[in-house]
Amino acid sequence: QVKLVESGGGLVQPGGSLRLSCAASGFTFASYAMSWYRQAPGKERELIATITSRGITTNYADSVKGRFTIARDNAKNTAYLQMNSLLPEDTALYLCNAKRIWSVDRRDDYWGQGTQVTVSS
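Attention shifts here to the pairing of strand β7 (residues 68-73). Where burial is concerned, the two faces of β7 differ: the one with Phe68, Ile70 and Arg72 is buried and the one with Thr69, Ala71 and Asp73 is not. Two successive antiparallel strands, β7 and strand β8 (residues 78-83), enclose a turn made up of four residues, where Asn77 displays a positive phi of approximately 55°.

Structure below.
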């Protein structure tokens, strides 16, 4: 059974930091690209960071570039999102995604339930 379980969210003051974790099971974690998305109330889901299967390449949305860092530990089947210099507009539900494209006709796309991050004084 495929599972992605996010943790590490919470309430933090502006300027603070949080580290989110995404624990994966039920699939070959090291073969999947991992991404973090976020969704704020009334807004579309936003892709904020991606890391390739071996962790060689990372990409970030402009909104988080320079403040957030995505990482992974394939030995622990876990992805991370280090969030620094948090802003009130970073408040959202943060979701972990695992993706593998096998062919033009087949792709695996797994989601966690999310962890809430609230940035407020």
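The discussion continues.
Moving on to the environment of Ile56. Tracing the backbone through its elements, the reader meets Ile56 in the loop between β5 (46-51) and β6 (58-60). What makes Ile56 exposed here is its relative accessible area of 66%. Taking the C-alpha atoms as reference points, Ile56 and Ala71, 15 residues apart in sequence, are found 9.8 Å from one another.

What follows concerns the pattern of salt bridges. A pair can form between side chains of opposite charge whenever their charged atoms are brought close. By the definition in use, this model includes six salt bridges. Between Asp109 and Lys99 there is a salt bridge whose closest N-O contact spans 3.5 Å. Taken together, the residues span a long stretch of sequence, with Asp109 in strand β10 (residues 106-111) and Lys99 in strand β9 (residues 92-103) at a distance of ten residues. For Asp109, a relative accessible area of 35% puts it in the partly exposed group. Connected via shared salt-bridge partners are Arg38, Glu46, Arg67 and Asp90.

Tallied over the entire structure, the rule returns five aromatic pairs. Relative to Tyr32, the ring of Phe27 has its centre 4.7 Å away and its plane inclined at 65°; by these criteria the two rings are edge-to-face. Each member of the pair, Phe27 together with Tyr32, is buried. These aromatic residues form a ring-pair network of at least three members: Phe27, Phe29, Tyr32 and Tyr110. In this structure, Arg45 is placed above the aromatic ring of Trp111, and the distance from its NZ or CZ to the ring centre is 4.6 Å.

Moving on to the side chain of Glu6. Mapped onto the elements, Glu6 comes out in strand β1 (residues 3-7). In this structure, Glu6 is buried with no salt-bridge partner, the nearest side chain bearing the opposite charge being Arg45 at 8.4 Å. Here the side chain of Glu6 touches Cys96 through a polar contact of 2.7 Å, landing on its backbone nitrogen. A polar atom in the side chain of Glu6 sits 2.9 Å from the backbone nitrogen of Gly114.

Located in the positive-phi region is Asn77, a residue other than glycine, with phi close to 55°. For Ser85, which is not glycine, the phi dihedral falls at a positive 50°. Mapped onto the elements, Ser85 comes out in the loop between β8 and β9. The partly exposed category is assigned to Ser85, whose relative accessible area is 40%.

With that settled, the discussion passes to the state of the cysteines. A full pass over the atoms with the stated rule returns one disulfide. Each disulfide pairs two cysteine sulfurs, and for Cys22 the partner residue is Cys96, the sulfurs being separated by 2.0 Å. As the torsion about the S-S bond is roughly -80°, the Cys22-Cys96 disulfide counts as left-handed. One end of the pair, Cys22, is in strand β3 (residues 18-25); the other, Cys96, is in strand β9, with 74 residues separating them in the sequence. A relative accessible area of 0% means that Cys22 is categorised as buried. The class for Cys96 is buried, based on a relative accessible area of 0%.

Reading the values: the criteria
Residues numbered from 1 in each chain as written. Predicted model: local features only at pLDDT ≥ 70, side-chain atom pairs only at ≥ 80, totals over all residues. Heavy atoms only, no water. Buried < 20%, exposed > 50% of the residue type's maximum accessible area, 1.4 Å probe, protein only. Helix = DSSP H or I, 4+ residues; strand = E, 2+ residues; numbered from the N terminus. Pairing = 2+ DSSP bridges. Salt bridge = Lys/Arg side-chain N within 4 Å of Asp/Glu carboxyl O. Phe/Tyr/Trp six-rings, centres within 6.5 Å; stacked < 30°, edge-to-face > 60°. Lys NZ or Arg CZ within 6 Å of the ring centre and 35° of its normal. Lys, Arg positive; Asp, Glu negative; His and termini not counted. Polar contact = N/O pair within 3.5 Å; in protein donor to acceptor, adjacent residues only side chain to side chain. Disulfide = S-S within 2.5 Å.

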